[in-house]
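Below are the chains, spelled out letter by letter.
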Amino acid sequence: MTFSPEEPVESLVLHTTDNGVSWITLNRPEAMNAVTWDQRERVIALLDDASADPDVRAVVITATGKGFCAGADLRGTPAARAEPVTGDVARTIRRGAQRFVTAVLDCEKPVIAAVNGVAAGIGAHLAFACDLVLAAESARFIEVFVRRGLVPDGGGAYLLPRLVGPQRAKELMFFGDALSAAGAERMGLVNRVVAAQELEKTAREWAGRLAQGPTRTLALTKQLVNASLDTDRASAFAAEAAAVEIAMTTRDANEGVASFVERRTPEYRGR
């Protein structure tokens, strides 16, 4: 299969909802799932839909073939002006790669990356922005930008130091070497490495557990954790207190307390 502008984006980014889990699957295996502008826009829209849909309680992002996402494919990007001016590139990054990663970080449902193969450039940052990362043994992560003489985009210089510290982040970004799934797990970039044939099964198990959880509480917890490294202690504690109060107004919190008192398993409904 070769890419053409007429090919419907729905076939290039597959989407299904199963038992409260939104599955977003990049589907350009012949291109190692390098993402075009249209594909990014569809993923952003699907994540936004997941946030708004109370029946969606977890999200999995994965891909077909041997690649998770080989980076950005600039085909389909809105045409540049004949005489570019200062600010054009920065605007393109804000509207493209940064919105792509922000959509994952801001999604109100927990997002799992099921990394089936190579994740390079913005593809690596897409995975690192997810709340939990599962990787097949064959997965590789590559900060490919330096190989092209480029500065990392898509939030890489924001995400990586928060995950592995500044020295490790610089090592990955300065050299651009491929990092194995096992190496990524040792660094803390990956939660768990599994055999390729176990990746989807494990993702379904994890997503299923999340989909049975107190969805609004998970959203508030995600928000607190994501903001924790960007704020001072007083602000973090104030945000925590507010989040706890909001959570206590949900049906799931009431169910959690009631089930504890009644010594039974809680039945959360994501409300």
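Each value, and the rule that gives it
- Residues numbered from 1 in each chain as written.
- Predicted model: local features only at pLDDT ≥ 70, side-chain atom pairs only at ≥ 80, totals over all residues.
- Heavy atoms only, no water.
- Helix = DSSP H or I, 4+ residues; strand = E, 2+ residues; numbered from the N terminus.
- Rg over C-alpha atoms; globule rule 2.2 N^0.38 Å.
- Buried < 20%, exposed > 50% of the residue type's maximum accessible area, 1.4 Å probe, protein only.
- Contact = heavy atoms within 4.5 Å.
- Areas by Shrake-Rupley, 256 points an atom, 1.4 Å probe, with all protein chains shown as cover.
- Lys, Arg positive; Asp, Glu negative; His and termini not counted.
- Charge placed at Lys NZ, Arg CZ, Asp CG, Glu CD.
- Pairing = 2+ DSSP bridges.
- Core = buried A, V, L, I, M, F, W, Y, C linked by side-chain atoms within 4.5 Å.
- Phe/Tyr/Trp six-rings, centres within 6.5 Å; stacked < 30°, edge-to-face > 60°.
- Lys NZ or Arg CZ within 6 Å of the ring centre and 35° of its normal.
- Axes fitted to C-alpha atoms, helices over the stretch in contact; angles between N-to-C directions.

Chemist: Give me the overall build of the chain: which residues, what numbers.
Modeler: Check the secondary structure of the chain and you find 11 helices and 10 strands. For the chain, whose C-alpha radius of gyration is 19 Å, the value lies close to the compact-globule estimate of 18 Å for 271 residues. Structurally, the chain occupies a C-alpha span of about 65 × 45 × 40 Å along its principal axes. The proportion of buried residues among the 271 residues of the chain is 44%. For the chain, long-range pairs separated by at least 24 residues make up 70% of all intrachain contacts whose partners lie at least 6 apart in sequence. Surface accessibility of the chain: about 14300 Å² in total, with carbon and sulfur atoms responsible for 54%. Of note, the chain has its 31 positive side-chain charges centred 3 Å away from the centre of its 34 negative side-chain charges.

Chemist: How would you summarise the pairing of strand β7 (residues 132-136) if you had to cite specific residues and measurements?
Modeler: Two faces make up the sheet, and in a regular strand the side chains alternate between them. Judged by how many residues are buried, β7 sits mostly within the fold: 4 of 5 residues are covered. Inspection of the sheet shows strand β5 (residues 111-115) paired to β7 by 4 bridges, in the parallel sense. In the strand pairing of β7, V115 is matched with A135.

Chemist: Give a detailed account of unusual backbone geometry, specifying residues and quantitative values.
Modeler: Despite not being glycine, N19 shows a phi value in the positive range, around 55°. Accessibility expressed as a relative area gives 69% for N19, which makes it exposed. Positive phi, close to 55°, is recorded for R263, a residue that is not glycine. Relative to the assigned elements, R263 resides in the segment after α11 (251-261). Overall, R263 belongs to the exposed group, its relative accessible area being 81%.

Chemist: Which residues make up the nonpolar core, and what values do they have?
Modeler: The biggest cluster of nonpolar side chains holds 48 residues, and the ones touching the most others in it are L47, V59, I61, F68, V115, F141 and L189. Considering each element in turn, this core owes the most residues, 6 residues, to helix α4 (residues 122-129). Residue contacts for V59: discarding those within four places in its chain leaves S22, I24, L47, A50, C107, K109, P110, V111 and I112.

Chemist: Lay out the packing of aromatic side chains in plain terms, naming residues and giving numbers.
Modeler: Applying the stated criterion to the full structure yields 1 aromatic pair. Centroid distance F128 to F141: 5.5 Å. Interplanar angle 25°. Geometry classified as stacked. Taken together, the residues F128 in helix α4 and F141 in strand β8 (residues 140-142) connect sequence positions 13 residues apart. Across the pair, exposure class does not vary: F128 and F141 are buried alike. Taking NZ or CZ as reference, R162 lies 3.8 Å from the ring centre of Y158, over its face. Above the plane of the ring of W23 lies R204, whose end atom (NZ or CZ) is 4.3 Å from the centre.

Chemist: Account for the sheet that holds strand β6 (residues 118-120), naming residues and giving values.
Modeler: The sheet built from 4 strands is open, its strands ordered β4-β6-β8-β9 with mixed pairing. Edge positions in the open sheet fall to β4 (67-69) and β9 (179-180), since each of these has one partner strand only. Where α4 meets the sheet, its contacts fall on β4, β6 and β8, and the angle it forms with β6 comes to roughly 100°.

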